[in-house]
Amino acid sequence: MATETQSSLDVEMFAFRHSEMAGILEAVQLKPTQGSPLKGLSAAVDESAREMAGQAAPAALAAATRIALPERVIGVVTAAPPEPADFLWLYGAQSDLDFAYHQEDENGLHRLAWPVDGLALLDLAAAPLDLLGPIEHHGVSMALGREEFSALVAIADFVQADAMQGILMHDPPLTEPLTFRIEDLVALAERATQSGDLRWAVARARLMSPIELDFGESVLAPAVESLTENRLLLEAGGLFEVTELLHRVCVLAGTCTGFSALSTRTRAPETGAWKLDHVAISRGPESLLLLEFEDVTSTDFLVSIDDITPALAFEWLQGGLLFEEVLEEETVEPAPAQQPGLAPKPVFVPDSVSVPD
């Protein structure tokens, strides 16, 4: 029976046990390199595994080659809250637009597919963003470090909780202007983290960020102080007041109907070093927010947040999934498709590809 991923990508899927996967690598004399999910695969290759490897379809062997020796690794995560997130992992060469799909499922089976067309990936990434729907420009633009970004996300949840409580009580938001204490943010972020409900910004941000976010008091307290120093918050007696600008950003960041995040690593052929690009786009009611992550290390990053047009959103998706030299010769029009249900994977950034310090 075809899986939902297979149906969405319209490719033939292959499934192999650990020993069979090891047999394929042995048969084609492949030693997985850094960035491959097969690196460090330890499984005994018995006679049945060798026999199966000899009978493997050419498409399976082509997929195994790209997954074992990737020059380009792409992680795509999409979601339309409150539905859970879908993950897609792809491995390819720098010279074409086709990718190999790989996933190790809960039964320990390696699921492979080849070729996955890069244009089909655009449809998958664009689907939850509804790029053909109405979009307004709100003039939002700011740059934040990792800790300030964590605080912004936590405050966005606080703004949303305040608005929801006001609706339930048939009143406007409970405080005017909106104020909070550090402990309020910490408690709300902890609940959102534990529940994993993607209707809350904290849960979404953990999927959209290239590295793990921390919402503990030791992070949020100095981050809130930093936002205050930059006049995005006002402080009086331990209470922090949300300014009009920050409130507008929090509303846009907190009201999400769908999002896509792309984590792309490309290996330089000259040095073997990996270049990281990471971007996320969040769709809200008549708005699109672009989150461009730069200077990413294992512990920090700088993120630029801007509201953008549908055309610009599609250009960012194109740049993340396809190749600039190919796009110069060929124009691709956006064609959002229905959101597929892809099997989830617990981590977004491949462990085997280290983030540069």
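Refer to the preceding data block for the structure.
Residues numbered from 1 in each chain as written. Predicted model: local features only at pLDDT ≥ 70, side-chain atom pairs only at ≥ 80, totals over all residues. Heavy atoms only, no water.

Draft legend 1. Region of interest: the sheet that holds strand β7 (residues 179-180). Strand order in the open sheet formed by three strands is β7-β9-β8, and the pairing between neighbours is antiparallel. Strands with a single pairing partner mark the edges of an open sheet, and in this sheet they are β7 and β8 (233-236). In the sheet, β8 pairs with strand β9 (residues 239-242) via four bridges, with the strands oriented antiparallel. Considered in β9, the bridge of L234 is made with E241. (Pairing = 2+ DSSP bridges. Helix = DSSP H or I, 4+ residues; strand = E, 2+ residues; numbered from the N terminus.)

Draft legend 2. The packing of helix α7 (residues 182-195) against helix α9 (residues 217-229), seen in detail. Two elements in contact, α7 and α9, have axes whose closest approach is 10 Å; the angle formed by their N-to-C orientations is 135 degrees. Relative to α9, the element α7 is oriented oblique. Here the hand of the crossing between α7 and α9 comes out right-handed. Facing α7, whose interface residues are I182, L185 and V186, α9 presents E217, L220, A221 and V224. (Axes fitted to C-alpha atoms, helices over the stretch in contact; angles between N-to-C directions. Parallel < 35°, antiparallel > 145°, perpendicular 65-115°, else oblique. Left-handed = near helix turned anticlockwise from the far one by under 90°. Contact = heavy atoms within 4.5 Å.)

Draft legend 3. Region of the structure containing the environment of S48. Within the secondary structure layout, S48 lies in helix α3 (residues 47-55). A C-alpha to C-alpha distance of 9.0 Å links S48 and G23, two positions 25 residues apart in sequence. A distance of 2.9 Å separates polar atoms of two side chains, one belonging to S48 and the other to D46. (Polar contact = N/O pair within 3.5 Å; in protein donor to acceptor, adjacent residues only side chain to side chain.)

Draft legend 4. The packing of helix α5 (residues 118-126) against helix α11 (residues 310-321), seen in detail. Packing of α5 against α11 brings their axes to within 10 Å, and their N-to-C directions diverge by 135 degrees. The pairing of α5 with α11 is recorded here as oblique in orientation. Between α5 and α11 the crossing geometry is right-handed. Contact residues: L121, L122, A125 and A126 in α5; F314, L317, Q318 and L321 in α11. Of the residues assigned to the contact of α5 with α11, the class counts are seven nonpolar, one polar and no charged. (Nonpolar A, V, L, I, M, F, W, Y, C, P; charged D, E, K, R; others polar.)

Draft legend 5. Focus on the pattern of salt bridges. Per the counting criterion, the structure on display carries seven salt bridges. Across the salt bridge formed by D105 and R111, the nearest N and O atoms sit 3.0 Å from each other. For D277, the salt bridge goes to K275, with nearest N and O atoms at 2.7 Å. (Salt bridge = Lys/Arg side-chain N within 4 Å of Asp/Glu carboxyl O.)

Draft legend 6. Inspection of α11 at higher detail. With twelve residues, α11 ought to run about 16 Å at 1.5 Å a step, and its terminal C-alpha atoms sit 17 Å apart, in line with that. Here α11 has its buried residues at A313, F314, L317, Q318, G320 and L321. Looking straight down α11, one finds that the buried residues subtend no more than 165 degrees of arc, so they occupy a single side. In α11, the exposed positions angled more than 90 degrees off the buried face are occupied by A311 and E315. (Expected span 1.5 Å × (residues − 1). Buried < 20%, exposed > 50% of the residue type's maximum accessible area, 1.4 Å probe, protein only. Arc of directions from axis to C-beta.)

Draft legend 7. Focus on α9. Between its first and last C-alpha, α9 extends 18 Å over 13 residues, near the 18 Å set by a 1.5 Å rise per residue. Taken together, the buried positions of α9 are occupied by V219, L220, A223, V224, S226, L227 and T228. Where α9 terminates, the next one or two residues include R231, which has phi positive at roughly 65 degrees.

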